[in-house]
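Each chain is listed here by its residues.
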Amino acid sequence: MSVVQARRWTRQEYDRMIEAGVLTPEDRVELIDGEILAMTPQGSAHATGVSLAQEALRTALGSHVYVRVQLPLAFGLDSEPEPDVAVVAGSVRDYRDAHPQSALLVVEVADATLPYDRDVKGSLYARAGVPEYWLVNLAEAVVEAHRDPMVMPQARFGWQYRTVDRFGPGDSIARLSFPHASIAVADLLP
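The residue numbers shown here count from 1 along each chain, following its written sequence. Confidence filtering applies because this is a predicted model: local features only for residues at pLDDT of at least 70, side-chain atom pairs given and counted only at 80 or more, and all residues used for totals across whole chains, interfaces and linings. Side-chain metrics in this entry use all non-hydrogen atoms of the structure; hydrogen atoms and water are not considered.

Draft legend 1. Representation of the pattern of salt bridges within the structure. In the sections that follow, a salt bridge refers to a side-chain nitrogen of Lys or Arg positioned within 4 Å of a carboxyl oxygen of Asp or Glu. For the structure shown, the criterion picks out 13 salt bridges. In this structure, arginine 8 engages aspartate 33 in a salt bridge whose closest nitrogen and oxygen atoms are separated by 3.0 Å. Taken together, the residues span a long stretch of sequence, with arginine 8 in the segment before α1 (11-19) and aspartate 33 in the loop between β1 (29-32) and β2 (35-38) at a distance of 25 residues. Only protein chains enter the accessibility calculation, which uses a 1.4 Å probe. A residue is then buried if its area is under 20% of the maximum for its type, exposed if over 50%, and partly exposed in between. By relative accessible area, which is 17% here, aspartate 33 ends up buried. A salt bridge links glutamate 144 to arginine 118, with the shortest nitrogen-to-oxygen separation between them at 2.6 Å. Within this pair, whereas glutamate 144 is found in strand β7 (residues 142-151), its partner arginine 118 is found in helix α3 (residues 114-127), the two being separated by 26 residues in sequence. Where helices and strands are cited, they refer to DSSP runs of H or I of at least four residues and of E of at least two residues respectively, numbered from the N terminus.

Printed below as a string of structure tokens:
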């Protein structure tokens, strides 16, 4: 009797598929826990939210960090997510030969993918040690700031964030390690 089992991929195998042209930018996929997942097409509100987050973070944080938009992060052997925005240490040239293995802050803009971004991506980012994860919740016009990653066995990847604060359009939010760089939530919402 044979058993049907899903084939799981490593980051190395995934990267080779990209290099060989098996996967192209038009495929809009990412590797999450060994699975190659298709990303949903972006609506105009989502695309605007991504651009607003990028602009607000670059303005607030300046040249002290590198603000990446929809580019891969190398998390462990089996995950290569492409968050909407990631703030990483260093500069563009620091990542010429390899994707960042960590981030100071990750931002996802969500409407239809809200449960996935909150539960699956949030658990993945917590497991990877990302200290802070902002979820721009377009459905409710708020930003959820997820902070303090901790072990949580019932979470998708065994980790989640201990603290979740919600900020509305009249609020400002600051990254914990850059408290001077406050961003108006209204600047993140389309």
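Draft legend 2. How the structure looks around the environment of valine 130. Position of valine 130 among the secondary structure elements: in the loop between α3 and β6 (132-137). Residue valine 130 is classed as buried on the basis of its relative accessible area of 0%. Each C-alpha atom, one on valine 130 and one on glutamine 42, is 24 Å from the other, the two residues being 88 residues apart in sequence. Those residues in contact with valine 130, other than ones at most four positions away along the chain, are Phe75, Ala103, Leu105, Val106, Tyr125, Pro149 and Tyr161. We call two residues contacting when some pair of their heavy atoms lies within 4.5 Å.

Draft legend 3. Layout of the nonpolar core. We define the nonpolar core as a collection of buried residues of types Ala, Val, Leu, Ile, Met, Phe, Trp, Tyr and Cys that are connected through side-chain atoms lying within 4.5 Å of one another. Ranked by size, the top nonpolar core spans 25 residues in total, and within it Leu57, Val107, Trp134, Ile173 and Leu188 carry the most contacts. Breaking this core down by element, the ones donating at least two residues are α2 (44-61), β3 (65-69), β4 (85-89), β5 (105-110), β6, β7 and β10 (178-184). If you tally residues by element for this core, the top one is α2, at 5 residues. Setting aside chain neighbours within four positions, we find leucine 188 in contact with Gly49, Leu52, Ala53, Ala56, Trp134, Val136, Val143, Ile173 and Ile183. One finds Ile32, Ala86, Ala103 and Leu114 within the second-largest nonpolar core, a separate group that totals 19 residues.

Draft legend 4. Examining the pairing of β2 more closely. By the convention used here, strands pair only if DSSP detects at least 2 bridges between them. One ladder, built from 4 bridges, connects β1 with β2; its direction is antiparallel. Paired with isoleucine 32 across the strands is glutamate 35, a residue of β2. Between β1 and β2, which follow one another and run antiparallel, lie 2 residues, and aspartate 33 among them has a positive phi close to 55°.

Draft legend 5. Geometry of the sheet that holds β3. Spatially, β3-β4-β5-β6-β7-β8 is the arrangement adopted by the 6 strands of the open sheet, whose pairing is mixed. On the outer flanks of this sheet lie β3 and β8 (159-167), each paired with one strand and no other. Direction aside, neighbouring strands of the sheet carry axes that sit 20° apart on average. Of the pairings in the sheet, the one linking β4 to β5 comprises 3 bridges and is antiparallel in character. Within β5, the residue paired with alanine 86 across the bridge is valine 106. Running at roughly 155° to β5, α2 makes contact with β3, β4, β5 and β6 of the sheet. Axis geometry follows a simple rule: fit a line to the C-alpha atoms, using only the stretch in contact for helices, then measure angles between N-to-C directions, giving values from 0 to 180 degrees. Across the sheet, α3 touches β5, β6, β7 and β8, and the angle it forms with β6 is around 170°.

Draft legend 6. Examining α3 more closely. An expected span of 1.5 Å times one less than the residue number is assigned to each helix. Along its 14 residues, α3 runs 19 Å from first to last C-alpha, staying within 8% of the 20 Å computed at 1.5 Å per residue. When the local axis directions of α3 are compared, the greatest deviation, roughly 30°, occurs at lysine 121. Regarding α3, the residues found buried are Leu114, Asp117, Val120, Lys121, Gly122, Ser123, Leu124, Tyr125 and Ala126. The secondary structure elements touched by the buried residues of α3 are β1, β5, β6, β7 and β8. Glycine 129, located one to two residues past α3, shows a positive phi value of around 80°. The bend at a residue is defined as the angle formed between two axes, one fitted to the seven residues ending at that residue and one fitted to the seven starting there.

Draft legend 7. Just the packing of aromatic side chains, in detail. A pair of aromatic rings is counted whenever rings of Phe, Tyr or Trp (Trp by its six-membered ring) have centres within 6.5 Å, and the orientation is called stacked for planes under 30 degrees apart, edge-to-face for over 60 and tilted otherwise. This model, assessed by the stated rule, comprises 4 aromatic pairs. Look at tyrosine 133 and tyrosine 161: their rings are 6.3 Å apart centre to centre, the planes differ by 35°, and that puts the pair in the tilted class. You can see tyrosine 133 sitting in strand β6 and its partner tyrosine 161 sitting in strand β8, a full 28 residues away along the chain. Note on accessibility: tyrosine 133 and tyrosine 161 belong to one class, buried. Through a chain of ring-to-ring contacts, three or more aromatic side chains come together here, namely Phe75, Tyr125, Tyr133 and Tyr161. The ring of tryptophan 9 is capped by arginine 7, whose NZ or CZ atom sits 4.0 Å from the centre of that ring. Criterion for a charge above a ring: Lys NZ or Arg CZ within 6 Å of the ring centre, and within 35 degrees of the ring normal.

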